[in-house]
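Each chain, letter by letter, is given below.
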Amino acid sequence: MAAVNRNMFDASVATDRPRGASLMVLPLNLIAFIISHLEDPGDLARLCRTCRVLNYMTLPQLYKSITLTSYDKIRYRGDQPEGMGSASPFSMGLNAIITRPYASLVRSLTLRGNWRESELEEHARIGRVPDSSMMLNIVVRAAIDKMNELESFSWDLSTKMLETVYLGLAQQPKLTSLTVRFPSSRHPRPTIVIPAMPHLRRLKITDIDPLCYPDDISTLLWKCKKLQELNLHWSPRMREEQEPSVMVHDYFRKCISAKQPLRVKKIGLQNLYALHTEDFNLAFDQCTVEDVTILNGTKSDDYNFMNTFVDSTWPIAPPHVVKIKSIRQDCFNRRHADFLGNFTGLERLYFVNATPNPNDIRSQKHLGYPAPTPPSVDHNHHTQRSAPAYTPDATPSCSPGLHASIRDAYLNNIIMNHAASLRHLLLPSYWPLSSNTIARLVHSSPQLEQLAFATEFSSMETLGLLLPFLRNLVAVRLLIPASSSSSPQTPQAPKASLGRLSSCPAEEVFSSALCLADIVEADDEVLIEKFSESLADPQVFSQLRFFGFGWKAFELLDYYTVPAAPPPPEGNVESQSQSPADLVGEDANGCREPYPNGLLQKDDGAVASSILTPAPVSQTPPTAPAQRTSQPSLLLGKRRREPELNLGVPPKRGMTRENPIELSDFNPCLPTTLTNGRVWRRRVRRVSWDVVKHYEIWGLDTQEL
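Being a predicted model, the structure only gives us computed values, none of them experimental. (Residues numbered from 1 in each chain as written. Predicted model: local features only at pLDDT ≥ 70, side-chain atom pairs only at ≥ 80, totals over all residues. Heavy atoms only, no water.)

**A short note on the overall build of the protein chain**
Here is step 1: The number of helices and strands found in the protein chain is 24 helices and 19 strands.
Here is step 2: Buried residues in the protein chain amount to 49% of all 705 residues.
Here is step 3: When contacts within the protein chain are restricted to residue pairs at least 6 apart in sequence, long-range pairs at least 24 apart make up 75% of them.
Here is step 4: For the protein chain, the computed accessible surface area is about 33900 Å², with 51% contributed by carbon and sulfur atoms. (Helix = DSSP H or I, 4+ residues; strand = E, 2+ residues; numbered from the N terminus. Buried < 20%, exposed > 50% of the residue type's maximum accessible area, 1.4 Å probe, protein only. Contact = heavy atoms within 4.5 Å. Areas by Shrake-Rupley, 256 points an atom, 1.4 Å probe, with all protein chains shown as cover.)

Structure representation (structure tokens):
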């Protein structure tokens, strides 16, 4: 054993380095750890071709997760077609799994893309499956039979998966995740009774079309005793063309007959357009549902009120025991707003933005920002108790007052019932929040870790005083407010003016901006400079790691210090920005009045300071203790700044003080001045979608289950 430990931890593969340093001089366990963090298949393939040792160590990582994409046309890389000299990469990938002894290394297999089917109309007319599609299913079945360790399988091809593949999957003892996509085109295929897969924990079926592909999934659902997550997506044509062809009872009839309801924790329904039946409550054990997703894919204001006759059949009485911890939706109605007021304990709430979304990092940005249509709302307010969170009803309305009323109902119930336990909150961009609303939300939500919302341009100065109160905040995302019927006062930048600030200095950018879109259009260097200054307090923003601004996202890195700016001339002291203590109103006796929510209020009701335009360092001498006794003691639990800090190391995360301080002593937007005349700054860099997609306020803001 001593020799093995020495070989693994001390010895190296190569001792001589004729051409400099080599990766193989490292211990083998360290090399294996580095390889385990590689995800790009190209990098893994190149490592496999380097040497025998790396080939042996990298092959399991290369074949662990396989994704093969089929294209209906030949693609070219420069002047050479892909697969020249053999076949398409899709076919060669399946060939490698079947003919080489690597199938036992595969844990996840994903097949996606468009599969070309020749003479499709003729085969559909005579009731035959095209030979190319049948051969595809046979080859996939042969590959699956060799994957003894397969845990996840995804069929995302444009052709229908046949019974041959289903029977092969049913024989996999370790298969826990299954994703099946039905074709979007209507060409007849054999009807299949999907066999049981008792070890499944996650099931996702998309583009369900019961009129053309009425495959029976009742046996599969009945036998899935370990199922924890169920996502069902129907073809959007059902709702758009008012086709009430979905019979929910047929999918769960065996569970209902056996009186064995599904005990799932996560359920997602998209484009569901079906009549409600009394047996639906017997299909699910509503006491076990913790995560609910309802998406209807609203894209335009061309609503059809005929959907109301189907949607209104769903009940409005909630279950007796509600254990829901997460809700995600894109349509809003009065009954669901009231439903949020009938229980407590919600931890994650995501309001998905409409498509197209100008705040999406992945979408191409244009100079003009079209105003997305507000979500559909129900103008019928019922006095009875509200419907379950998964009720798929949303009656459209175009009344601005009604839309504002439903928005306020949501926000009031969120603040009153769920703010104390909320950890993630994503609000839509067509709800620009005022200063008072932001103050209420922040004051009542101390546990927030991820927050995304839109704010009015005039309310940006509020954020500097509000964000520091969220001590657990890791990621925050400011959305560009989309003009809607509920916010006609939101200023819209002229198309000709957008982008005019991209090359201006920082001060000119923030002083000349007409709306938030103007600031987002500025160069990244300008925004990075401002964020580096405004979010540099290590005692206030030590937890914050990501800051989203419109369609841009920035990562906040380590701290550093720079020399403080020279003090202004004595004659200009009065022109400096006031501290929060100076902005508090005075009563008749000269005492300062606090803001009702624990914040400080100016004469006009607005909260002072700005996260984007921090005030200069005040040169006023510190207030004497005797002078502070006239102010009310406002205990908000904030940390007192240490008199002296180590310049090289910022304070540790979680550093607290036993004695809280008054808000009048604390202005997070003022640069932190150290005793030797240096101030804190923070390194900031812009990041892409691959980095922020792991945070739910970005990753779940999409019209996908």
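There's more to say after this.
**Looking at the nonpolar core**
Here is step 1: Core analysis: the biggest nonpolar cluster contains 122 residues, and Leu-111, Phe-153, Leu-169, Leu-230 and Phe-252 have the highest contact counts within it.
Here is step 2: Ranked by the residues each element gives to this core, the list is headed by helix H16 (residues 400–418), at seven residues.
Here is step 3: The residues touching Phe-153, leaving out its near neighbours within four places in the chain, are Leu-109, Leu-111, Val-140, Ile-144, Met-161, Val-165, Leu-169, Leu-175, Ser-177, Leu-178 and Thr-179.
Here is step 4: Leu-426, Ala-475, Ala-553 and Val-687 belong to the second-largest nonpolar core, a separate cluster that totals 12 residues. (Core = buried A, V, L, I, M, F, W, Y, C linked by side-chain atoms within 4.5 Å.)

**Here's the deal with the side chain of Glu-82**
Here is step 1: If you trace the backbone, Glu-82 turns up in the loop between strand E3 (80–81) and helix H5 (89–99).
Here is step 2: When its relative accessible area of 16% is taken as the criterion, Glu-82 is described as buried.
Here is step 3: Side-chain polar atoms of Glu-82 contact the side chain of Arg-77, separated by 3.2 Å.
Here is step 4: The residues contacting Glu-82, other than those within four sequence positions of it, are Arg-75, Arg-77 and Pro-89. (Polar contact = N/O pair within 3.5 Å; in protein donor to acceptor, adjacent residues only side chain to side chain.)

**Describing the environment of Lys-73**
Here is step 1: The topology assignment puts Lys-73 in the loop between strand E1 (65–70) and strand E2 (76–77).
Here is step 2: When the C-alpha atoms of Lys-73 and Arg-116 are compared, they prove to be 8.4 Å apart, with 43 residues separating the residues in sequence.

**Notes on a nonpolar patch on the surface**
Here is step 1: Together, Leu-23, Leu-30, Phe-33 and Ile-34 make up an exposed nonpolar region whose accessible area comes to about 340 Å².
Here is step 2: Structurally, Ile-34 is set in helix H2 (residues 28–35).
Here is step 3: Looking at Ile-34, the relative accessible area reads 39%, which means it is partly exposed. (Patch = residues over 30% accessible without salt bridge, like charges linked within 9 Å, V, L, I, M, F, W, Y side chains within 5 Å. Salt bridge = Lys/Arg side-chain N within 4 Å of Asp/Glu carboxyl O.)

**A word on unusual backbone geometry**
Here is step 1: The phi angle at Glu-119 is positive, at roughly 50 degrees, despite the residue not being glycine.
Here is step 2: Considering the arrangement of structural elements, one finds Glu-119 in the loop between strand E4 (108–113) and helix H6 (120–126).
Here is step 3: Exposure remark for Glu-119: the relative accessible area of 52% places this residue in the exposed category.
Here is step 4: In this structure, Asp-207 is a non-glycine residue whose phi angle is positive, near 55 degrees.
Here is step 5: Position of Asp-207 relative to the elements: it lies in strand E7 (residues 202–208).
Here is step 6: Here Asp-207 falls in the buried class, since its relative accessible area comes to 19%.

**Remarks on the environment of Gly-677**
Here is step 1: Within the element layout of this structure, Gly-677 appears in the loop between helix H22 (625–628) and strand E19 (678–687).
Here is step 2: Each C-alpha atom of the pair Gly-677 and Ala-564 lies 5.5 Å from the other, and the pair is 113 residues apart in sequence.
Here is step 3: In contact with Gly-677, not counting residues within four places along its chain, are Val-562, Pro-563 and Ala-564.

**Description of the packing of aromatic side chains**
Here is step 1: Overall, the coordinates contain 18 aromatic pairs when judged by the stated rule.
Here is step 2: A ring pair is formed by Phe-332 and Trp-431, whose centres lie 5.4 Å apart and whose planes are at 45 degrees; its orientation type is tilted. Linking Phe-332 in the loop between strand E11 (326–329) and helix H15 (334–340) with Trp-431 in the loop between strand E13 (424–426) and strand E14 (432–433), this pair joins segments that are 99 residues apart in sequence.
Here is step 3: One Lys or Arg, Arg-683, reaches over the ring of Tyr-560 and ends 4.6 Å from the middle of that ring. (Phe/Tyr/Trp six-rings, centres within 6.5 Å; stacked < 30°, edge-to-face > 60°. Lys NZ or Arg CZ within 6 Å of the ring centre and 35° of its normal.)

**What about the pairing of strand E15 (residues 450–455)?**
Here is step 1: For E15, the buried fraction is high: six of the six residues fall into the buried class.
Here is step 2: Of the two faces of E15, both are covered, the one formed by Gln-450, Ala-452 and Ala-454 as well as the one formed by Leu-451, Phe-453 and Thr-455.
Here is step 3: Judged from the three bridges that link them, E13 and E15 form a sheet pairing that is parallel. Paired with Leu-425 across the strands is Leu-451, a residue of E15.
Here is step 4: Pairing analysis gives two bridges linking E14 to E15, with the strands arranged parallel. Note that in E15 the partner of Leu-433 across the bridge is Thr-455.
Here is step 5: Relative to strand E16 (residues 475–479), E15 runs parallel, the two sharing five bridges. (Pairing = 2+ DSSP bridges.)

**Thoughts on the pattern of salt bridges**
Here is step 1: The tally for this structure, following the rule as stated, stands at 25 salt bridges.
Here is step 2: The salt bridge involving Asp-285 is made with Arg-263; its shortest N-O contact spans 2.5 Å. Within this pair, whereas Asp-285 is found in the loop between helix H13 (280–283) and strand E10 (291–295), its partner Arg-263 is found in the loop between helix H12 (253–257) and strand E9 (266–270), the two being separated by 22 residues in sequence.
Here is step 3: Taking the relative accessible area as the measure of exposure, Arg-263 reaches 54% and is therefore exposed.
Here is step 4: One network of salt bridges, in which partners are shared, links Glu-347, Arg-348, Arg-423 and Glu-449.

**A few points about the packing of H5 against helix H7 (residues 131–145)**
The axes of two packed helices give the description: the angle between them and the distance between them.
Here is step 1: Packing of H5 against H7 brings their axes to within 9 Å, and their N-to-C directions diverge by 35 degrees. The two elements H5 and H7 cross, and the hand of that crossing is left-handed. Across from Phe-90, Leu-94, Ile-97 and Ile-98 in H5, the residues of H7 making contact are Leu-136, Val-139, Val-140, Ala-142 and Ala-143.
Here is step 2: Partitioned by chemical class, the residues of the contact of H5 with H7 number nine nonpolar, no polar and no charged. (Axes fitted to C-alpha atoms, helices over the stretch in contact; angles between N-to-C directions. Left-handed = near helix turned anticlockwise from the far one by under 90°. Nonpolar A, V, L, I, M, F, W, Y, C, P; charged D, E, K, R; others polar.)

**Quick look at the side chain of Ser-154**
Here is step 1: Examined against the element boundaries, Ser-154 turns out to sit in strand E5 (residues 152–157).
Here is step 2: Among the residues examined, Ser-154 registers a relative accessible area of 13% and is labelled buried.

**Some points on the confidence of the model for the protein chain**
Here is step 1: For the protein chain, the mean per-residue pLDDT works out to 75, and 68% of the residues sit at or above 70.
Here is step 2: Scored below 50 in pLDDT, residues 1–5 makes one contact in the model with residues more than four places away or belonging to other chains.
Here is step 3: Considering only residues more than four positions removed or in separate chains, one finds that residues 573–671, a stretch of pLDDT under 50, has 184 contacts. (pLDDT = per-residue confidence, 0-100.)

**A closer look at H7**
Here is step 1: With 15 residues, H7 should reach 21 Å at 1.5 Å per residue; the first-to-last C-alpha distance of 21 Å fits that figure.
Here is step 2: Along H7, the residues that are buried comprise Ser-133, Leu-136, Asn-137, Val-140, Arg-141, Ala-143 and Ile-144. For H7, the angular spread of the buried residues around the axis is 160 degrees, confining them to a single face. (Expected span 1.5 Å × (residues − 1). Arc of directions from axis to C-beta.)

**Describing the packing of H2 against helix H4 (residues 52–64)**
Here is step 1: The geometry of H2 relative to H4 is characterised by a closest axis approach of 10 Å and an angle of 40 degrees between their N-to-C directions. Between H2 and H4, the crossing angle belongs to the class labelled oblique. The element H2 and its partner H4 pack so that their crossing is right-handed. The residues of H4 that touch H2, namely those facing Leu-28, Ile-31, Ala-32 and Ile-35, are Val-53, Leu-54, Met-57, Thr-58 and Gln-61. (Parallel < 35°, antiparallel > 145°, perpendicular 65-115°, else oblique.)

**Let's talk about the pairing of E4**
Here is step 1: In terms of burial, E4 is a largely internal element, five of the six residues being buried.
Here is step 2: Note that E1 and E4 share six bridges and pair parallel. Its bridge partner lying in E4, Ile-66 is registered against Leu-109.
Here is step 3: Summarising the sheet, E4 and E5 pair through six bridges and their orientation is parallel. Paired with Gly-113 across the two strands is Leu-157, which belongs to E5.

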